[in-house]
Number of protein chains: 2
Amino acid sequence: MNRSPKNIQARVEHLAERCRETGMNVTPQRVAVYRALLESEDHPTPEMLYQTVSREMPSLSVATIYKTLDALVSLGLVRTVPVDGDRRRYDANDETHHHLVCSSCGKVRDYTSVEFDALVPPRRVAGFAPKSVSVTLTGTCDDCNGSGKGGD
Amino acid sequence: MNRSPKNIQARVEHLAERCRETGMNVTPQRVAVYRALLESEDHPTPEMLYQTVSREMPSLSVATIYKTLDALVSLGLVRTVPVDGDRRRYDANDETHHHLVCSSCGKVRDYTSVEFDALVPPRRVAGFAPKSVSVTLTGTCDDCNGSGKGGD
DNA sequence: ATATATGCAAAGCTTTTGCTGAAGA
DNA sequence: TCTTCAGCAAAAGCTTTGCATATAT
């Protein structure tokens, strides 16, 4: 997605708006976590976000990461990514896109595809009302595949 | 997928073969867990499997569920399903298929679609070797939607 | 008889919760 | 000032691990 400073700035301002609309405070923690998510390319886990953001905000606590992520999800600005694995992964990308998941190291990347973007959920399935489609490509990343260098 | 007794029996025999090939014992626990997975339609969590299987095998322990699932995965008979959510979900379905996920209650169901089945992973993406495609439809099930369960 | 697996209980992680002082509006 | 939030620490939930006994072959 578009990670230009300009776009990120616009998104952060959008966060501020949405907070005000909902009576939520615009805190530095929320801005920093959202910004980190916007800047990331790897669909970080809460732990990864904690590592990243606490560098610039050492007082940050893990609990705040979790609470902030919940808040961002309920504002509709962020979502969790459907992947196998034990850790939650987050995504601030609101454009249509899909994911590559390495079955070996668990790394997740965005994947955009005209073909996949064209998929539309059926209007109705028995007992279920679909809203969105997401495609996951599972395979191996070069770090895991190429040589046993252990991925990251 | 095909849940006929005949097919399930054949799959269980396949499990036995694979065990022998790998020097693993064919234990009642492994058979029971695999069978429960084959018979299920809801991509159970380890906890759900424990509930189900321990009814007929009360001595079963949760640790055995986890160890057995790991074993079945490494035999290639079972896989985890990519969904949002905090719990692992398993799938013994080896046919091409996709999933419906209720974003409210987390329920997961198989979904088959000619259109989605036709999707083929790109042979190569920069830095990544895709192997399989899975489509996830996210939405709400009728139980959560509250409203009309009028089919489609 | 021997190697492998089960069951138990304890440990390890990730995520959630309750509370108090701090900060945003 | 008043409400909402961050940080802390404790708790809760899910998964893994080590070990002794039991089981498969």
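These figures come from a predicted structure and were not determined experimentally. (Residues numbered from 1 in each chain as written. Chains lettered and ligands numbered in written order. Predicted model: local features only at pLDDT ≥ 70, side-chain atom pairs only at ≥ 80, totals over all residues. Heavy atoms only, no water.)

Q: Looking at this model, I keep getting lost on the relation of the copies chain A and chain B. Mind explaining?
A: What relates the two chain copies is a rotation about an axis together with a slide along it. Overlaying chain A with chain B gives an RMSD of 0.1 Å, the required rotation being 179° about an axis along which the chain moves by 0.0 Å. The transformation relating the two chain copies, once decomposed into turn and shift, fits a two-fold axis. Relative to the rotation axis, the C-alpha of Val135 of chain A is the closest in chain A, positioned 2.2 Å from it. (Least-squares fit on C-alpha atoms with pLDDT ≥ 70 in both.)

Q: Could you clarify how one ought to interpret the domain arrangement of chain A in this entry?
A: Much of the literature gives interface size as the accessible area that the parts lose upon coming together. All names here are of chain A. Split into domains, chain A comes out as domain 1 (5–81) and domain 2 (96–145). The distance between the C-alpha centroids of domain 1 and domain 2 comes to 23 Å. Across the contact, 5 residues belong to domain 1 and 5 residues belong to domain 2. The junction of domain 1 with domain 2 conceals about 420 Å² of combined surface from both sides, 52% of it contributed by carbon and sulfur atoms. Among the residues of domain 1 in contact with domain 2, His43, Arg79 and Val81 are the three that bury the most area, contributing 80% of the side total. Linking domain 1 with domain 2 are 0 salt bridges. At the junction of domain 1 with domain 2, the criterion picks out 2 residue pairs in polar contact (both at pLDDT 80 or more). (Domains from an automatic or database assignment. Contact = heavy atoms within 4.5 Å. Buried area = accessible area lost by both parts, 1.4 Å probe. Salt bridge = Lys/Arg side-chain N within 4 Å of Asp/Glu carboxyl O. Polar contact = N/O pair within 3.5 Å; in protein donor to acceptor, adjacent residues only side chain to side chain.)

Q: I keep staring at the pattern of salt bridges and nothing clicks. Help me out?
A: Where charged atoms from two side chains of opposite charge approach closely, those side chains can pair. Residue and element names in this part refer to chain A. Per the counting criterion, the structure on display carries 8 salt bridges over all chains. Between Glu21 and Arg18 there is a salt bridge, with its nearest N and O atoms 2.8 Å apart. Of this pair, Glu21 and Arg18 both sit in helix H1 (residues 5–22), separated by 3 residues, roughly a single helical turn. (Helix = DSSP H or I, 4+ residues; strand = E, 2+ residues; numbered from the N terminus.)

Q: In this structure, what is going on with the confidence of the model for chain A? I would like to understand it.
A: Any region with low pLDDT has predicted coordinates that should not be read closely. Summary statistics for chain A give a mean pLDDT of 89 and a share of 95% for residues scoring 70 or more. Considering only residues more than four positions removed or in separate chains, one finds that residues 147–152 of chain A, a stretch of pLDDT under 50, has 8 contacts. (pLDDT = per-residue confidence, 0-100.)

Q: Is there a simple way to explain helix H3 (residues 46–56) of chain A in this structure?
A: One turn of the α-helix equals 3.6 residues, which is why residues spaced by three or four share an orientation. All names here are of chain A. Of all the residues in H3, the buried ones are Pro46, Leu49, Val53 and Ser54. Seen end-on, H3 carries its buried residues on one side only, within an arc spanning 115°. Turning to H3, the residues buried within the fold contact helix H2 (28–39), helix H4 (62–74) and strand S2 (90–91). (Buried < 20%, exposed > 50% of the residue type's maximum accessible area, 1.4 Å probe, protein only. Arc of directions from axis to C-beta.)

Q: Hey, could you run me through the packing of aromatic side chains in this one?
A: Two numbers describe a pair of aromatic rings. These are the distance of the centres and the angle of the planes. Residues and elements named next belong to chain A. For the structure on display, the rule yields 2 aromatic pairs over all chains. With centroids separated by 6.1 Å and ring planes inclined at 65°, the aromatic side chains of Tyr111 and Phe116 adopt a geometry described as edge-to-face. We classify Phe116 as buried; its relative accessible area is 2%. (Phe/Tyr/Trp six-rings, centres within 6.5 Å; stacked < 30°, edge-to-face > 60°.)

Q: Help me out: how do you make sense of the protein's contact with DNA strand D in this one?
A: Taken together, the neighbourhood of DNA strand D is formed by 21 residues, with Arg30, Ser59 and Lys67 of chain A together with Tyr66 and Arg87 of chain B sitting nearest. In DNA strand D, atoms within 4 Å of the protein come from the sugar-phosphate backbone in 79% of cases. Note that a sugar or linking oxygen of DNA strand D is positioned 2.8 Å from one of the side-chain N or O atoms of Gln29 of chain A. Measuring from a base oxygen of DNA strand D, one finds a side-chain N or O atom of Lys67 of chain A at 2.5 Å. Every element with two or more residues in the surface near DNA strand D is listed here: H2 and H4 of chain A together with helix H4 (62–74) of chain B. (Near = heavy atom within 4 Å.)

Q: What's the story with the protein's contact with DNA strand C in this structure? I'm lost.
A: What surrounds DNA strand C is a group of 21 residues, the closest being Tyr66 and Arg87 of chain A together with Arg30, Ser59 and Lys67 of chain B. The sugar and phosphate moieties of DNA strand C supply 77% of its atoms located within 4 Å of the protein. Within the side chain of Thr64 of chain B, one N or O atom sits 3.1 Å away from a phosphate oxygen of DNA strand C. Between DNA strand C and Lys67 of chain B, the relevant distance is 2.6 Å, taken from a base oxygen to a side-chain nitrogen or oxygen of the residue. Among the secondary structure elements, those contributing two or more residues to the surface near DNA strand C are H4 of chain A together with helix H2 (28–39) and H4 of chain B. The residue inventory of the surface near DNA strand C, partitioned by class, reads 8 nonpolar, 8 polar and 5 charged. (Nonpolar A, V, L, I, M, F, W, Y, C, P; charged D, E, K, R; others polar.)

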